[in-house]
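# Observations on the three-dimensional arrangement
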Amino acid sequence: MSAPQKRGIDLGLAIAGWGYLLIGFIFLMLPIVTLIAFSFEDARFPTLPWAGWTMQWYQELLTDGRLLQALQRSLIVSPLAAAAATAIGFFAAYALNRFDFPGKSFLSTLFIVPILVPPLILGVAFLGLLSRLNLQGQILSVFLTHVVILMPTAIALVSLRLAQMPKDIEEAAWNLGANEWQALYRVILPWAIPGIAGAWLLAFTFSFDEFIIAWFVSGFEPTLPVSIYTFLGANLSPSLNAIGTIVFGISVVLLIGVELLLLPLLLEGRASMSKDETA
């Protein structure tokens, strides 16, 4: 096979691959784009041709007490659960990265169990446990369960940052007179701030969008995803398109923040690996 023929085949394969990815992207994004578009349509039911633009459905959200209360609960639970999971995740990641102790491998595996168990099974298990503790059906239930399911994400992201930190920096702080807590506060914590911030943003996004476990444990104090599901079963109001657009926008903004925080960490880790290979 001649070189021009080979280049032509490679070019064709590249075009086919990019075309396949483009089709997949359009297939994934088309429902979301449709949701956003119909949230601004004047007609009560989606119609073609276009019936006109309106902000009516967003205005109706401001007068719907149920959805506003659910949004308030989500805005209370999600940041607090993300903060608690990130704090626990930081100390767990620090212990796993810096110390050797009996049962370390088992503990590392145990931390990722909430990711491996299906949310439906977790929801049933949490409901049974919280019922025995008389904690079911309240915001505290959602908070506790979200902390558990968010911890693995926080541990993974903080560990990614701590793994890039040379161990001799902490030892140098000890040699200069700092005790373990001072070194942790003045050396380790500032270094880990980007990973901690990224972990909090991603945990907040997961908590804000989480539905299955919250549906089991929230009871009469539902979060926003649970209220949307209940609202969908009661009627087909175009306001659902509006609130779906708002939730999607919040999620996108948070995920962009996570990407902006984690991209320098990934590039830094890749650069350090390249230096080690060169050395």
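Heads up: the structure comes first, above all this text.
### A look at the nonpolar core
- Counting 50 residues, the largest nonpolar core has Phe90, Val158, Leu162, Ile188 and Leu224 as the members making the most contacts within it.
- Breaking this core down by element, the ones donating at least two residues are helix 2 (56-61), helix 3 (65-98), helix 6 (119-132), helix 7 (139-162), helix 9 (180-209), helix 10 (212-217), helix 11 (224-234) and helix 12 (239-278).
- Per-element accounting of this core gives the leading share, eleven residues, to helix 3.
- Residue contacts for leucine 224: discarding those within four places in its chain leaves Leu67, Ala70, Leu71, Ser74, Phe208, Ile243 and Val247.

### A closer look at the side chain of arginine 98
- Along the chain, the position of arginine 98 falls in helix 3.
- Setting aside chain neighbours within four positions, we find arginine 98 in contact with Leu162, Met165, Pro166, Lys167 and Glu170.

### With respect to the packing of aromatic side chains
- Tallied over the entire structure, the rule returns four aromatic pairs.
- With a centroid separation of 5.2 Å and 70° between ring planes, the pair formed by phenylalanine 90 and phenylalanine 91 is classed as edge-to-face.
- Phenylalanine 90 gets classed as buried once you look at its relative accessible area, which sits at 6%.
- Classification of phenylalanine 91 by relative accessible area gives partly exposed; the value is 43%.
- An angle of 15° between the planes, with centres 5.9 Å apart, marks the rings of phenylalanine 204 and phenylalanine 208 as stacked. Taken together, the residues phenylalanine 204 and phenylalanine 208, both in helix 9 and four residues apart, mark about one turn of the helix. Comparing phenylalanine 204 with phenylalanine 208 shows no difference in burial state: the two are buried.
- Put simply, the rings of Trp200, Phe204 and Phe208 pair up and form one aromatic cluster.

### Let's talk about the packing of helix 7 against helix 9
- With their axes 8 Å apart at the nearest point, helix 7 and helix 9 run at an angle of 145° to one another. Considering the relative orientation of helix 7 and helix 9, their crossing is right-handed. Packed against helix 7, whose contacting residues are His146, Leu150, Thr153, Ala154, Leu157, Val158, Arg161 and Leu162, the element helix 9 presents Ile188, Trp191, Ala192, Pro194, Gly195, Ile196, Gly198, Ala199, Leu202, Ala203, Phe206 and Ser207 at the interface.
- A per-class count over the contact of helix 7 with helix 9 returns 14 nonpolar, five polar and one charged.

Basis of the calculations
Residues numbered from 1 in each chain as written. Predicted model: local features only at pLDDT ≥ 70, side-chain atom pairs only at ≥ 80, totals over all residues. Heavy atoms only, no water. Core = buried A, V, L, I, M, F, W, Y, C linked by side-chain atoms within 4.5 Å. Buried < 20%, exposed > 50% of the residue type's maximum accessible area, 1.4 Å probe, protein only. Helix = DSSP H or I, 4+ residues; strand = E, 2+ residues; numbered from the N terminus. Contact = heavy atoms within 4.5 Å. Phe/Tyr/Trp six-rings, centres within 6.5 Å; stacked < 30°, edge-to-face > 60°. Axes fitted to C-alpha atoms, helices over the stretch in contact; angles between N-to-C directions. Left-handed = near helix turned anticlockwise from the far one by under 90°. Nonpolar A, V, L, I, M, F, W, Y, C, P; charged D, E, K, R; others polar.

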